[in-house]
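Results of the structural survey
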Amino acid sequence: MTLTHTIRTALTGLHTNRLRSLLTILGIVIGVAAIILIVSLGKGAQSLILDQIQGMGPRTIVVIPGREPTGPTDAAQIFSDSLKVGDLAALKRQVNVPGAQNITPILFGGETAAYKNDTFRMTIFGGDTTIFNVFDIDLAEGVFFSANDVRASASVAVIGAKVKEELFGERQAIGERIRVKGRNLRVIGVLSRKGQTAFFNFDEMVMVPYTTAANYIFGIKYFHRLILQAETEMDIPRTVADVERVLRDQHGITDPEKDDFFVETQADLADTLSIITDALTLFLVSVAAVSLVVGGIGIMNIMFVSVTERTREIGLRKALGATRREILTQFLFEAIILTGIGGIAGIILGALVAFASATAISHLTEFHWTFVFPFSAALIGLVVSAGIGIIFGYYPARDAAQKSPMEALRYE
Amino acid sequence: MRLIEARNLEKTYEDGDVATHALRGVSFSIDQGEFVAVMGPSGSGKSTLLHLLGFLDRPTRGAYFFEGKNRNDYTDDESARIRNEKLGFVFQTFNLLPRTSVLENVKLPLLYSDVPEKEWDERAHSAIADVGLSHRISHEPSQLSGGERQRVAIARALVTKPEVIFADEPTGNLDSMSGKQVMGLLQALNEKGGHTIVLITHETYTARHARRALYIKDGNIEKDEMISEHLAADSFIK
């Protein structure tokens, strides 16, 4: 019998038992759909996170005070005041770190802003003028603070869209004064709405010169972070090395093991987060894969019932000249076609649900969630479900092939 | 020409410790073009004989020569080939595929044959015409009467142009009128088409369509004789 006829015979066999075929593949459909959905959402989450990291610029290098945490009990905050004004000056000296640009210290903390009778819990964010370049943020109105403002610890503020809305509503904010920790800050700019990014929500932020934040708001003489950018992505490793050398020099450290700061690049962060999302996705896929095995056992069960029910048909086909191999192939093909169709249906179903979820997330939250169709998972899902057809269809098919034509014809 | 030759055919079924001797050494031969009725009460071994002659089972002892070649020299796959090319089967319970059209049912043996696919439709149509069912070609078995179903089964047996047609109680599930039609058809296939036919029946009346009768009882051939009261072929076929 030719392949075309084997497939056609198998299809006819499945078509004659439509409802049963449909119920049989349900397990496979759900299993594959779950895998597609999970992988798609996993990829979506990953690309969202990576996008946000990219939002800070892939060339961005962050210096964090304290030791790099090596375990959960490690007191990472032990040197949390290690980044000082002298370090900033040293990094800014061109000969020290030739590849560095947009160097800025950062101070941040939760505070309450008040305007007349309205108050709003926001984040004070102190930085240099370059901070607006580093984080790629735009103004809706007004201006950013200037180098002069930074030098003079000026009491000026650029407020986020949400802060403006909460404190001023529709009213004009530029030129008004808000109170933070007993200090009056004059609003000089309002940021355009940006939504939640990886680490900060700029909509709920009040941005001030780092000098103002250090001297008047937090009253500290160190920085929470130092941020700088490498000239090109190629320069990142060299720039990191330069930063480490300069800071060790500043802090009188000779043994890198005793560093009181650590340097994080966006690439490191992206890698780490990718590993985490990949691991999570893998874990969930393994859970979903269990349902595929259950689906496979369902297929085997139904195939056995089918073989028993069609004993007479098998006997007839053998009497009419079908060989053992032809019967085996027919039933094996029925199983593979069943699971193959189940796999395709599962891929379509999973993709549709993932697409609907992505659309819903984008609409209902502030995340810009993109739908990702996981081609590799789809391919694997298809291959695995067809494989399940072969594995769980083989035994019933062999059972069918081994029936003696005479016994099979007599079967009632 | 000698088509079938049985020499001391024995068949014993073992079920645990109990051995059932279905055939106890039967010998006979059938020539090409004969119409032989194998008769006997139920349990006499006539169905077992049909299974052996039809390559559906193997004898326990003795030899069966088909077209001069020993049955025991055929592998399972070769047996399947013989069943497909040289033998046609008509069963008491019709054994048509449900929810499958008359045409597709008749084409079924061709699926397992070497007949080129472009000839399938023509062959099937001509076999269906031979049994007078051209007007039912796209019906499904459930839409046909018992007699019509058996005629579809005969068309299916004919489609590969076999040497022998084995008919196992073909009228057993039919009313007498349909039974007569089916027997008339088989007789016409023998007398006009030159097909060799081996008919299994326990009804004397049905056997009278054949030319020769083998009487089997308790696994032995009791009598082998020509039928004297042979019925003339009915001329109902369209």
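Residues numbered from 1 in each chain as written. Chains lettered and ligands numbered in written order. Predicted model: local features only at pLDDT ≥ 70, side-chain atom pairs only at ≥ 80, totals over all residues. Heavy atoms only, no water.

Okay, the UniProt feature "transmembrane region" (unreviewed entry) in chain A next. All names here are of chain A. Taking the numbering used here, the UniProt-annotated feature "transmembrane region" (unreviewed entry) corresponds to residues 21–42, 282–307, 328–361 and 367–395. Secondary structure content for residues 328–361 is 100% helix and 0% strand, and the end C-alpha separation is 48 Å. Secondary structure across residues 367–395 divides into 72% helix and 0% strand, with the first and last C-alpha atoms of the span separated by 50 Å. (UniProt positions renumbered as here; feature names shortened; annotations may be inferred. Helix = DSSP H or I, 4+ residues; strand = E, 2+ residues; numbered from the N terminus.)

On to empty space enclosed by the protein. Evaluation of the coordinates by the stated rule reveals two cavities of 30 Å³ or more. Roughly 80 Å³ of volume is contained in the largest cavity. Contributing to the lining of the largest cavity are A:Gly13, A:Leu14, A:Asn17, A:Arg20, A:Ser21, A:Thr24, A:Ile302, A:Met303, A:Ser306, A:Arg310, A:Glu334 and A:Leu338. Elements with a contribution of two residues or more to the lining of the largest cavity: helix 1 (3–16), helix 2 (18–55), helix 9 (266–309) and helix 11 (324–364) of chain A. Residues belonging to the lining of the largest cavity are distributed by class as follows: four nonpolar, five polar and three charged. Taken as a whole, the second largest cavity spans an internal volume of roughly 30 Å³. The wall of the second largest cavity is formed by A:Ala319, A:Leu320, B:Arg83, B:Asn84, B:Leu87, B:Gly88, B:Pro109, B:Arg156, B:Ala157 and B:Thr160. Breaking the lining of the second largest cavity down by element, the ones donating at least two residues are helix 2 (76–85), strand 6 (87–90) and helix 5 (146–158) of chain B. Its residues assigned to classes, the lining of the second largest cavity comprises five nonpolar, three polar and two charged. (1 Å grid on protein atoms, 1.4 Å probe; cavity = no way out; pocket = protein on both sides within 12 Å on 5 of 7 lines; lining within 4 Å. Points joined across faces, edges and corners; volume = space filled by probe spheres on them. Nonpolar A, V, L, I, M, F, W, Y, C, P; charged D, E, K, R; others polar.)

Residues and elements named next belong to chain A. The final tally for this structure, using the stated rule, is 15 aromatic pairs over all chains. With centroids separated by 5.9 Å and ring planes inclined at 80°, the aromatic side chains of Phe125 and Phe135 adopt a geometry described as edge-to-face. Taken as a pair, Phe125 in strand 3 (residues 118–127) and Phe135 in the loop between helix 4 (131–134) and strand 4 (139–142) lie far apart in primary sequence, 10 residues in all. A relative accessible area of 1% places Phe125 in the buried class. (Phe/Tyr/Trp six-rings, centres within 6.5 Å; stacked < 30°, edge-to-face > 60°. Buried < 20%, exposed > 50% of the residue type's maximum accessible area, 1.4 Å probe, protein only.)

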